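Structural characterization, general
Chain by chain, the residues run as shown.
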Amino acid sequence: MDFYLKDNGVRTSFEYGQLNISGDETYGFRPYQLMVASIAGCSIGVFRKILDKQRVDYEDIKISADVKRNADEANRIEKVHLHYVIKGYHLNQDKLLKNLDVSRNNCSMVQSVQNSIEVEETLECIELSK
């Protein structure tokens, strides 16, 4: 990966496209947003693979991320709370929680920050009827 300094941040390019990073949201994504997006994106991606392998009948999954930062220590991220909302049919919350635990253990981003950022996950099921 190559990163290039710009007047108001940093630019990099990937196969998918260009990414602008800046402490000022008007010029790009803030670094903490990218960190949280990496954790949430990896987590939900692994969770979806597990659910698909088990043929869980779901319509939608959403994650809300709540971030706690410490202003006294360079505004570092101390905790990320990921709240999953899964909508589907005949959902078994206990089984889904076990699957969420398996996904946590197999998500490279969660594992990468394991000893520096607390990642908490909660799950809410919304039962749909056909």
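Our structure's up above, just so we're on the same page.
Structural notes, computed from the coordinates. Remember, it's a predicted structure, so these values are computed and weren't measured experimentally.

**Some thoughts on the overall build of the chain**
When helices and strands are counted, the chain shows three helices and six strands. Considering only C-alpha atoms, the chain reaches an extent of 55 × 35 × 25 Å along its principal axes. Here the chain, with 130 residues, has 31% of them falling under the buried criterion. Contacts in the chain between residues at least 24 apart in sequence constitute 57% of all its contacts with a sequence separation of at least 6. Total accessible area on the chain is roughly 8,800 Å²; 46% of this is exposed by carbon and sulfur atoms. Separation between the mean location of the 17 positive side-chain charges and that of the 20 negative ones in the chain comes to 4 Å.

**Thoughts on the sheet that holds strand E3 (residues 18–21)**
Pairing is antiparallel across the open sheet formed by three strands, whose spatial order is E1-E2-E3. Looking at strand neighbours, the two that pair on one side only are strand E1 (4–6) and E3, the edges of this open sheet. Neighbour to neighbour, the strand axes of the sheet diverge by 30° on average, direction disregarded. Note that strand E2 (residues 9–13) and E3 share four bridges and pair antiparallel. Each bridged residue has a counterpart across the sheet, and for Val10 the counterpart in E3 is Ile21.

**Some points on helix H1 (residues 31–53)**
With 23 residues, H1 should reach 33 Å at 1.5 Å per residue; the first-to-last C-alpha distance of 33 Å fits that figure. Contacts made by the buried residues of H1 are with strand E4 (58–70), strand E5 (76–88), helix H2 (93–106), helix H3 (108–112) and strand E6 (118–127). Arg55 sits one or two residues past H1 and shows a positive phi near 55°.

Basis of the calculations
Residues numbered from 1 in each chain as written. Predicted model: local features only at pLDDT ≥ 70, side-chain atom pairs only at ≥ 80, totals over all residues. Heavy atoms only, no water. Helix = DSSP H or I, 4+ residues; strand = E, 2+ residues; numbered from the N terminus. Buried < 20%, exposed > 50% of the residue type's maximum accessible area, 1.4 Å probe, protein only. Contact = heavy atoms within 4.5 Å. Areas by Shrake-Rupley, 256 points an atom, 1.4 Å probe, with all protein chains shown as cover. Lys, Arg positive; Asp, Glu negative; His and termini not counted. Charge placed at Lys NZ, Arg CZ, Asp CG, Glu CD. Pairing = 2+ DSSP bridges. Axes fitted to C-alpha atoms, helices over the stretch in contact; angles between N-to-C directions. Expected span 1.5 Å × (residues − 1).

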